[in-house]
Amino acid sequence: MLKAGIVGLPNVGKSTLFNAITKKNILASNYPFATIDPNIGVVTVPDYRLEYLESLYLPERVIPTTYEFTDIAGLVKGASKGEGLGNKFLSHIREVDAIVEVVRCFEGTDIIHVEGEVDPLRDIEIINTELIISDLEIIQNRVNKISKKIESTKDVLEKKEYFTLKKCEEALIKGESLRKIEFDKDELLILKNFSLITLKPIIYMANVSEEDAIIGDNKYTQFKAYAGKENSSVIVMSAKIESELSELNESDKKQFLLDIGIANSGLDKLIYATYNLLGLETFFTSGKDECRAWTFKKGMKAPECAGIIHSDFERGFIKAEIMSFDDLQKYGSELKVKEAGKMRLEGKEYLMQDGDICYFRFNV
């Protein structure tokens, strides 16, 4: 399951967004550290293709893919040195796949900004600095531990680890997040063990007023150029609108969005952006028993995708019977897809495509 951590300074709208995401009534209060323990909420990933499969197969159950959000306590300046909730907060971020940083881009005297006034770039820099300091501490602890040994060792792997860590240390000291640095496959494999926060992909969520969400911009969202430099995206949304949407059923939600002139909810945009950022795609299994969506990483081969369902499927993989969702929608039934010669048998080297509908043949 995809995991994202929601971070931000206190009073930027994190808990309001999290409540909207999960419809859980966690504490959303107008003071720092209202959210002490990380709260976890799971949402389903919206996919019209799964709805189509359900209408076609009328299965006993439908299982969409899910997305886990962790709401992490508001960060303050000095968290890496133990200010506020300090390292307790930072340890929770190490467990996620991606970071969603909520940035306050709305004015309002009723909700006090912890730094006094609204300034998105300053807020981003405060958080990035804390995350950089936290990673630097981990890197330097390890470097100090192995530096003496490196002079005498002939172990190639140990040397590779040392030089990779020194490369990280150099960047972090300059105040650069590690996601901006290029690493080869071997270096990334070494760094995987350290769960470095600044290596994780990040999406900035510009939390704007309801009026600005309809326009899709305001004077505070100009930090998009900053995000672009680290290949990150900015989603402009209103946590307040998301909160209102969370109270509605699907048809009322669609009507509400239509009435205010927004194509997709902010949450949907956030999910799509994260999938894109992490290079994730979806394949399906379908039948009378179950229609189900499965998430896989772009570039995975058929046996690996079979293994997502069950390790036996990968171990005993023979072939995959595959049709594309577009073909199924075009011809209207499995039988007609077969008659059109669009159903295919693929082997172990087949690269899975987004929207593939699969039946895996295996023998263990």
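So, a few notes on the structure that sits alongside this text. Predicted, not measured: the structure shown is a model, and the values here were computed from it.

The next point concerns the nonpolar core. Within soluble globular proteins, side chains that are nonpolar generally end up buried alongside one another. Grouped together as the largest cluster of nonpolar side chains are 55 residues, with contacts concentrated most on Leu17, Tyr67, Phe69, Ile93, Tyr204 and Phe223. The greatest single-element share of this core, amounting to six residues, is contributed by helix H11 (residues 266–278). Filtering out sequence-adjacent residues up to four positions away, phenylalanine 223 remains in contact with Val103, Cys105, Pro120, Leu121, Ile124, Tyr204, Ala206 and Val234.

Once that is clear, we can look at the pairing of strand E5 (residues 98–104). Within a regular beta strand, the side chains point alternately toward one face of the sheet and then the other, so they alternate between its two faces. By the criterion of burial, E5 is predominantly enclosed, with seven of the seven residues buried. By the alternation rule, side chains of E5 split into Ala98, Val100, Val102 and Arg104 and Ile99, Glu101 and Val103, which are all buried. Across four bridges, the pairing between strand E1 (residues 2–7) and E5 is parallel. Looking at the pairing, alanine 4 lines up with alanine 98 of E5.

What follows is about the packing of aromatic side chains. Tallied over the full model, the rule gives 11 aromatic pairs. Note on tyrosine 204 and phenylalanine 223: the rings are 6.0 Å apart at their centroids and 80 degrees apart in plane angle, and the pair reads as edge-to-face. Taken together, the positions of tyrosine 204 in strand E6 (residues 202–207) and phenylalanine 223 in the loop between helix H7 (210–215) and helix H8 (224–229) put the pair 19 residues apart, joining distant regions of the chain. Classification of tyrosine 204 as buried rests on a relative accessible area of 0%.

With that out of the way, let us pick up the packing of helix H5 (residues 156–173) against helix H6 (residues 185–192). Look at H5 against H6: their axes get within 10 Å of each other, and the N-to-C directions meet at 85 degrees. One way to sum up the angle between H5 and H6 is to call them roughly perpendicular. Residues Lys160, Glu161, Thr164, Leu165, Lys167 and Cys168 of H5 form the contact with H6, whose participating residues are Asp186, Glu187, Ile190 and Leu191. For the contact of H5 with H6, the class distribution of residues is four nonpolar, one polar and five charged.

So, on to the pattern of salt bridges. Throughout the structure, instances matching the rule amount to 21 salt bridges. The salt bridge involving glutamate 161 is made with arginine 142; its shortest N-O contact spans 2.7 Å. Residue glutamate 161 is found in helix H5, and its partner arginine 142 is found in helix H4 (residues 120–152); the two are separated by 19 residues along the sequence. With relative accessibility at 13%, the residue glutamate 161 sits in the buried group. Of the residues examined, arginine 142 reaches a relative accessible area of 28% and is grouped as partly exposed. Here glutamate 346 and arginine 344 are joined by a salt bridge, their closest N and O atoms 2.9 Å apart. On the basis of relative accessibility, which here comes to 27%, the residue arginine 344 falls in the partly exposed class. Among the charged side chains, a network of salt bridges with common partners joins Asp47, Arg49 and Asp354.

So, how was this worked out
- All residue numbers refer to position in the chain's written sequence, counted from 1.
- pLDDT decides what is reported in this predicted model: residues at 70 or higher carry local features, side-chain atom pairs at 80 or more are listed and counted, and totals for whole chains, interfaces and linings draw on all residues regardless.
- Side-chain figures throughout are based on the complete set of non-hydrogen atoms in the structure, without hydrogens or water.
- Each nonpolar core is a collection of buried residues, namely Ala, Val, Leu, Ile, Met, Phe, Trp, Tyr and Cys, held together in the definition by side-chain atoms within 4.5 Å.
- Only protein chains enter the area calculation, which uses a 1.4 Å probe; residues under 20% of their type maximum are buried, those over 50% are exposed, and those in between are partly exposed.
- By definition, any uninterrupted DSSP run of H or I lasting at least four residues is a helix, any uninterrupted run of E lasting at least two residues is a strand, and each is numbered from the N terminus.
- Whether two residues touch is decided by their heavy atoms; if any such pair falls within 4.5 Å, the residues are in contact.
- Here the rule is simple: two strands pair whenever DSSP picks up at least two bridges between them.
- Stacked, tilted and edge-to-face pairs are distinguished by plane angle, under 30 degrees for stacked and over 60 for edge-to-face with tilted covering the rest, among Phe, Tyr and Trp rings (Trp via its six-membered ring) whose centres lie within 6.5 Å.
- Every axis in this analysis is a line fitted to C-alpha atoms, fitted for helices over the stretch in contact. Angles between the N-to-C directions lie between 0 and 180 degrees.
- Roughly parallel here means an angle under 35 degrees, roughly antiparallel means over 145, roughly perpendicular means 65 to 115, and every remaining angle is called oblique.
- Side-chain classes are defined by residue name, with Ala, Val, Leu, Ile, Met, Phe, Trp, Tyr, Cys and Pro counting as nonpolar, Asp, Glu, Lys and Arg as charged, and the others, Gly among them, as polar.
- A pairing counts as a salt bridge when a side-chain nitrogen of Lys or Arg comes within 4 Å of a carboxyl oxygen of Asp or Glu.

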